[in-house]
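Breakdown of the fold
The primary structure of each chain is shown beneath.
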Amino acid sequence: MDSQYKSAGIENGVTNDRVKEVAVGNKRKMRGCDLVLRFLALAFSLTAAVVLGVDKQSTTVVVTLVSSLPPVNIPVTATWHHLSAFVYFVVANAIACAYATISLLLTLRNRGGKKGLATMIVVFDLVMVALLFSSVGAAGSIGLMGYQGNSHVQWKKVCNVFDKFCNQGMVALGLSGVGSILFFLLVVLAT
């Protein structure tokens, strides 16, 4: 009797046509989710690169050279390209943004579901996860140094002087962190 149902295409009360219909529906839903995640990853990585890329603040710092002389006012400017970790952060987010654009176009074009292209995209998604997480870590460590300073090497904190610069840097780190998680979700959904 069991073999009779299998030969008729019926197992556990569900026809093979129904199983195929659910599989196709799930594939469409996953494809739509993939496109939305790629677009969001593009938006967050682009925004993070722009927010830190335009980050600049100028202020005047009072410096006392010798206690017997009057203090000297020195104009100082903080920009993202003065710190190599911030340069790495902006470049990594720009690379991730460019890749997200290319992968979005390839995903839209890959309607036939070519396995080789899909595998290549997943591998590069994983590379973007590593690139973005490493850039967030590098920029975050320098940002923390600017926020707290380091008494062991006599580095003073600077975020009390450059508050706008530091706040804008923290926002960029948060945006890039979300972009990293979106790329990670793309890898998880592909497996």
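Residues numbered from 1 in each chain as written. Predicted model: local features only at pLDDT ≥ 70, side-chain atom pairs only at ≥ 80, totals over all residues. Heavy atoms only, no water.

Take the overall build of the chain next. Within the chain, the secondary structure is distributed over five helices and four strands. Burial statistics for the chain: of 191 residues in total, 31% are counted as buried. Total accessible area on the chain stands at roughly 12100 Å², and carbon and sulfur atoms take up 67% of it. (Helix = DSSP H or I, 4+ residues; strand = E, 2+ residues; numbered from the N terminus. Buried < 20%, exposed > 50% of the residue type's maximum accessible area, 1.4 Å probe, protein only. Areas by Shrake-Rupley, 256 points an atom, 1.4 Å probe, with all protein chains shown as cover.)

Another point: the packing of helix α3 (residues 84-109) against helix α4 (residues 115-148). The interhelical angle for the contact between α3 and α4, taken along N-to-C directions, is 160 degrees, at an axis separation of 9 Å. Accordingly, the angle class assigned to the pair α3 and α4 is roughly antiparallel. Once α3 is placed against α4, the crossing between them reads as left-handed. Within the contact of α3 with α4, the residues separate by chemical class into 19 nonpolar, six polar and one charged. (Axes fitted to C-alpha atoms, helices over the stretch in contact; angles between N-to-C directions. Parallel < 35°, antiparallel > 145°, perpendicular 65-115°, else oblique. Left-handed = near helix turned anticlockwise from the far one by under 90°. Nonpolar A, V, L, I, M, F, W, Y, C, P; charged D, E, K, R; others polar.)

Moving on, we get to the packing of α4 against helix α5 (residues 163-190). Where α4 contacts α5, the axes come no closer than 9 Å and their chain directions differ by 155 degrees. One element, α4, and the other, α5, form an angle in the roughly antiparallel class. The two elements α4 and α5 cross, and the hand of that crossing is left-handed. Taken together, the residues of α5 that come into contact with α4 (itself represented by V122, D125, L126, M128, V129, L132, F133, S135, V136, A139 and G140) are L173, S176, G177, G179, S180, I181, F183, F184, L186, V187 and A190. Taken together, the residues that form the contact of α4 with α5 break down as 15 nonpolar, six polar and one charged. (Contact = heavy atoms within 4.5 Å.)

Our next topic: the UniProt feature "transmembrane region" (unreviewed entry) in the chain. The positions that UniProt labels "transmembrane region" (unreviewed entry) are, in the present scheme, residues 35-54, 85-108, 120-147 and 170-190. Note that residues 35-54 is 95% helix and 0% strand, and that its end C-alpha atoms are spaced 29 Å apart. For residues 85-108, the helix share is 100%, the strand share is 0%, and the end-to-end C-alpha distance is 34 Å. (UniProt positions renumbered as here; feature names shortened; annotations may be inferred.)

As a further point, take the packing of aromatic side chains. Inspection of every chain in the model, using the stated rule, returns three aromatic pairs. The interplanar angle of 40 degrees and the centroid separation of 6.2 Å between the aromatic rings of Y99 and F124 together place this pair among those described as tilted. Pair noted here: Y99 is in helix α3 and F124 is in helix α4, with a separation of 25 residues, a long-range link. Consider the rings of Y99 and F183, whose centres lie 6.1 Å apart with planes at 35 degrees: the pair is tilted. Taken together, the residues span a long stretch of sequence, with Y99 in helix α3 and F183 in helix α5 at a distance of 84 residues. Take Y99 and F183: they sit in the same class, and that class is buried. Counting every residue linked through ring pairs, the aromatic cluster contains Y99, F124 and F183. (Phe/Tyr/Trp six-rings, centres within 6.5 Å; stacked < 30°, edge-to-face > 60°.)

With 17 residues, the main nonpolar core has A96, Y99, M128 and F183 as its most contacted residues. At the level of elements, α2 (16-53), α3, α4 and α5 are the ones that each hand at least two residues to this core. Within the second largest apolar cluster, 15 residues are counted, among which are A48, L52, F86 and A172. (Core = buried A, V, L, I, M, F, W, Y, C linked by side-chain atoms within 4.5 Å.)

What follows concerns the environment of L40. Inspection of the secondary structure assignment puts L40 in helix α2. For the pair L40 and V178, spaced 138 residues apart in sequence, the C-alpha separation works out to 9.2 Å.

Let us look at the state of the cysteines. Tallied over the full model, the rule gives one disulfide. Disulfide partner of C159: C166, at an S-S distance of 2.0 Å. Across the S-S bond of C159 and C166 the torsion is about -85 degrees, and the bridge reads as left-handed. The exposure classification of C159 matches that of C166, with both residues buried. (Disulfide = S-S within 2.5 Å.)

Moving on, we come to the layout of surface pockets. There is about 540 Å³ of room inside the second largest pocket. Lining the second largest pocket are 25 residues, and of these L83, I142, G146, V158 and F165 sit closest to its centre. Residue assignment for the lining of the second largest pocket shows that the elements contributing at least two residues are β4 (72-79), α4 and α5. Per-element tally for the lining of the second largest pocket: the top contributor is α4, with eight residues. Here the lining of the second largest pocket is composed, by residue class, of 17 nonpolar, seven polar and one charged. (1 Å grid on protein atoms, 1.4 Å probe; cavity = no way out; pocket = protein on both sides within 12 Å on 5 of 7 lines; lining within 4 Å. Points joined across faces, edges and corners; volume = space filled by probe spheres on them.)

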